[in-house]
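What the coordinates show
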Amino acid sequence: MKVQNNKAWLMVLPMLLLVAVSAIIPLMTVVNYSVQDTFGNNEFFWVGTEWFQEVLASERFHNALQRTLLFSALILAIEIPLGIAIALAMPRRGIAVSFCLVLMALPLLIPWNVVGTIWQVFGRVDIGLLGHGLASLGIDYNYTQNTLDAWATLIIMDVWHWTSLVVLLCYSGLVSIPEVYYQAARIDGASRWAIFRFIQLPKIKRVLLIAVLLRFMDSFMIYTEPFVVTGGGPGNSTTFLSIDLVQMAVGQFDLGPAAAMSLIYFLIILLLSWVFYTVMTSLDNDATSEQGRH
Amino acid sequence: MASIHLKNLGHRYSASDAGIDNPYALNPLDQVWEDGGAYALLGPSGCGKTTLLNIISGLLRPSEGRVLFDGEDVTDLSTERRNIAQVFQFPVVYDTLTVAENLAFPLRNRGMDSATIEARVSETLTMLGLERRANERARSLNADDKQKISLGRGLVRTDVRAILFDEPLTVIDPHLKWQLRTELKKIHERYGHTMIYVTHDQTEALTFADKVVVMNAGSILQVGSPKELFDRPRHTFVGTFIGSPGMNVLRCIFDGEAAVVDGVRLPLDEATIIAAHARGLAASGVSLEVGMRPESLVLVDAGASSADDPHCFNVDVIGVEDLGRHSLVRLRLGQQLLCALHPEGAEIPEAAALRFDPARTLLYESSLLVEAIG
Amino acid sequence: MLRLANIARRVDSHNALEDISLELKRGELNILLGPTLSGKTSLMRVMAGLDRPDSGELTFDGESVVGVPVQKRDLAMVYQQFINYPSLSVYENIASPLRVAGLERHEIEARVAQAAQLLKLEPYLNRKPANLSGGQQQRVALARALVKRASLVLLDEPLANLDYKLREELRAELPVLFAELGAVLVYATTEPSEALVLGGKTACLNRGRLEQFGPTLDLYRDPDTLMAARLFSDPPLNSVALNRDDGGLRFEGAEQAFPAAVTAELVSELPATEAGSTLTLAVRGHHLRLGPDISHAGESVACESLIEIRGTVDVTEITGSESFVHFTFMGQPWVALLDGIHAFPGGASITLYARPHDCFLFHTQTGNRVRKLGGGE
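Residues numbered from 1 in each chain as written. Chains lettered and ligands numbered in written order. Predicted model: local features only at pLDDT ≥ 70, side-chain atom pairs only at ≥ 80, totals over all residues. Heavy atoms only, no water.

What follows is about empty space enclosed by the protein. All chains considered together, the criterion is met by 4 cavities of 30 Å³ or more. In this model, the largest cavity occupies a volume close to 110 Å³. Around the largest cavity sit Val87(B), Leu128(B), Gln147(B), Lys148(B), Leu151(B), Phe165(B), Pro168(B), Leu169(B), Leu180(B), Glu183(B), Leu184(B) and Ile187(B), which together line it. Counting residues per element, the ones that place at least two in the lining of the largest cavity are helix H4 (143-155) and helix H5 (174-191) of chain B. It is H5(B) that contributes the most residues to the lining of the largest cavity, 4 residues altogether. A class-by-class count of the residues in the lining of the largest cavity yields 9 nonpolar, 1 polar and 2 charged. Each pocket or cavity is described by its volume, and for the second largest cavity that value is around 50 Å³. In this structure, the second largest cavity is lined by Ala184(A), Ile187(A), Asp188(A), Ala85(B), Gln86(B), Ser150(B), Arg153(B) and Gly154(B). Secondary structure elements with two or more residues in the lining of the second largest cavity: helix H8 (179-187) of chain A together with strand S6 (84-87) and H4 of chain B. Ranked by residue count, the leading element in the lining of the second largest cavity is H4(B), at 3 residues. (1 Å grid on protein atoms, 1.4 Å probe; cavity = no way out; pocket = protein on both sides within 12 Å on 5 of 7 lines; lining within 4 Å. Points joined across faces, edges and corners; volume = space filled by probe spheres on them. Helix = DSSP H or I, 4+ residues; strand = E, 2+ residues; numbered from the N terminus. Nonpolar A, V, L, I, M, F, W, Y, C, P; charged D, E, K, R; others polar.)

What follows is the structure, given as structure tokens:
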């Protein structure tokens, strides 16, 4: 048995090497930067947790973090219910199914930067269809100057781009529910809401968890779209953590604080993902007592 | 509870092209099923039993005829407004709810007050013997308990007019099948719900129902008590489908007093002879069939006693299968095969003869039983 | 010959298989009998090489096959679900394992024709599986398994999804088909009646443990353990606790001991049991009779040599030719299978009789059989 176990290690070795080269080694470099200072010439000084303290204390980081959290919260609050609603409304059989699926898949096929560019042009007041249209309706819309407009543009863009993912995941969960469940519910006189709450939701919970995690991580790390559309502006109003980080690292070349910040960033994502996972997997344990009382 | 009247009911799928080529999935029929009865629809897959069940439950609208519950026409009513309950092949429970909440579900949906709900639920839990598991999550139960919950969601309602079962024991282990089946039977005896049970398993159908409806190829062949179906199957299909092994059906002709199978005379009883003469079967010399249940045949030693006995005929033993409780003896009479049951432990005679009972020997013309009319 | 020695496998910290040793010979039909989750499928997966046992040896014709991947094993498998290639015709479905093996065209044609004839599939060779009935689809799956002429054929409840009557037909045909193969055949089922029809040898499994292995009828008539007897009873086995003392054997809590003749026939000598331990008497439903003067195979039996059982009727199921009388006896649910129609109303009292000869005696604690000394049955 022992010998064969060693053989198994041999099999996963290439994968481990790949992960090491692509993830762990760069991560260690970042860790390395985060605890040292440099004045160029490849000279490094040990600074301990100084960078971390600096980042955590800085107003700039707090603001960026709040913006990012708010953005993710809004994205989840819109895309998840909307995605479920669209999935519920989609036909379950017939040729309309493939039509709907293709339609849903279309936005997902467009690269990030192209999406950004499309909306950047689309929203421009001078030549963009949306911007110009709104302006001609007398609505004062300008995402380069108005904070609210910039946020609205980014959120609508993300909803347009990524709700499909939630729809497709939920739809796959919904079509796997056997027809007898619906028949039984009809016989039990269940309302539309009761069917959703006690049949559909429990059955799509697993895929919904994946959808929430993916959308959270993705929106929390959003970079390309705001970079292309608003460039973080107007002012700093759409400077999310990712944009801030790049500005700090590439713009100001503050490698130490940037490294510390990216590690903090990484840990926040890890922590929040874990929280989502734990909460959602234990959700149905609580659901029982909740239903018992109404 | 309600009586169910299926009035000139028939069904063809895709009624839009109900032309001559489109066959009936369910041939037109007229049936009245009594209030409080236990009925089983029995037949092979594709015989139309599920189509009929779906028409009664309202999942399918018949292309012709009406469905009446207690005289009220419900043909156009939706499933939920017919006040029926149904137990499906695979257990349907609401995973996230407890056993008690599952039972309360149909009552809550109908907006009943919580005191009534509580009383009904605890009563139903007692009926099903699930009191101890009331607060367990339904998902964690075994298949047989889940089926009980599906049934319970019907029993808990006071307005249920009929409870329908669609092969409810399919996923249940043999030992638990016995338990669940007898519990179902007891619930029926005690509470008198109208129950309709669809199955392909004759044991389930015969043990459960007061009246079994045997179906094949979209038609009802016979409706009767288990005893009637066993003793006097009106169609050779009923004879062979019911019973393990089924009835022996042998080609024969009628010579005026006996069925003649490959030259061997089997005297028939008075009633059958009169009925056969009334139809002129002796003169025509048409090809008929004679049916004998393996259970009605006794394997004896082909000695002197059997030689003079007109109710005995010699057979060749071609195989014996020991099935534990009894042996299945495969035999040949002339060119035709038949079988008989032999008790456990008894010896198989080397030269064998079969003793038959004329009263349990039936004659069939074109698969239909030859019997006195009226 | 497939030999399993002390096979064990744990799944999610419970024992899926526990110390199983079996010798399965070529040309014999070996039935795995047990309820759902008793380890039948787990054992088959180990036999097939789909799962590795945690410990134990698996040899085929003397060679170890532990760790040999399933692709390299010479085996065929049939499942409960009808698994066919939906886009291929019946002919191509049956021919597929032969094409994979790279057989010559005329050889493939000959073998498919033979399998199709055996399984009565000739009229359907050009159809797609979806256009066949369930029974026909499962015949195609069987044909594909048989045509391969594998040395190990595993059938996992192949008839479970079929109609009752179809099952009866195929059950009768299968032993004939199997006899011609000369392979090691393993057949899993939950139904005792299926095992009896198929014959061969049976291994009773319960919670991952092998209760007993031997010729099917021997196992049925002469079980070693209470669990094996239970698994092999349909309707369920009736059992009741017995006490023994100087006066002889009696039902636990009953006043009167069995007649001496009964005790003598049950046990040649009262087994030495520790204080407080009890025996369990078990009898199958069809061995219970209504009248005391039952005649068995011609000979009539006197009342003193019978065990009398008085119970209260629960419910009676009547099939048309037989009656299943469910009743309560000493607090236990019992069932009697009686020939003919006997409609007892619920709550009625009923007296039934059993011959000691038909009863089994077990040690309650170990579940092991108490046999008569001298081996007389």
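Moving on from the coordinates now.
Our next topic: the confidence of the model for chain B. A low pLDDT score tells you not to read the predicted coordinates there in detail. Taken residue by residue, chain B gives an average pLDDT of 89. The fraction at 70 or more is 97%. At the level of chain-chain contacts, confidence expressed as ipTM amounts to 0.87, with global pTM at 0.83. (pLDDT = per-residue confidence, 0-100.)

Attention now moves to the interface of chain B and chain C. Facing the 34 residues of chain B at the interface are 40 residues of chain C. Buried surface at the junction of chain B and chain C, summed over both partners, amounts to about 3,100 Å²; 55% is from carbon and sulfur atoms. If you sort the residues of chain B by the area they bury against chain C, Trp178(B), Arg325(B) and Glu344(B) come out on top, with a joint share of 23%. The interface formed by chain B and chain C includes 6 salt bridges. Ionic pairing is found between Asp339(C) and Arg325(B), a salt bridge with its closest N-O pair at 3.1 Å. (Contact = heavy atoms within 4.5 Å. Buried area = accessible area lost by both parts, 1.4 Å probe. Salt bridge = Lys/Arg side-chain N within 4 Å of Asp/Glu carboxyl O.)

This next bit is on the domain arrangement of chain B. How large an interface is tends to be reported as the accessible area lost when its parts come together. Residue and element names in this part refer to chain B. Domain annotation of chain B identifies domain 1 (4-234) and domain 2 (244-369). With 7 residues of domain 1 at the interface, the matching set in domain 2 holds 10 residues. Buried surface at the junction of domain 1 and domain 2, both sides included, amounts to about 710 Å², of which 47% is carbon and sulfur. For the pair domain 1 and domain 2, the interface holds 0 salt bridges. (Domains from an automatic or database assignment.)

Turning to the sheet that holds strand S15 (residues 298-301) of chain B, a few remarks are in order. Residues and elements named next belong to chain B. If you walk across this open sheet you meet the 5 strands as S15-S19-S16-S17-S18, and the pairing is antiparallel. Edge positions in the open sheet fall to S15 and strand S18 (336-343), since each of these has one partner strand only. Neighbouring strand axes in the sheet, compared pairwise and without regard to direction, differ in orientation by 50° on average. Where strand S16 (residues 312-322) and strand S17 (residues 326-333) come together, 6 bridges link them in antiparallel fashion. Residue pairing across strands places Val320 opposite Val329, the latter belonging to S17. (Pairing = 2+ DSSP bridges. Axes fitted to C-alpha atoms, helices over the stretch in contact; angles between N-to-C directions.)

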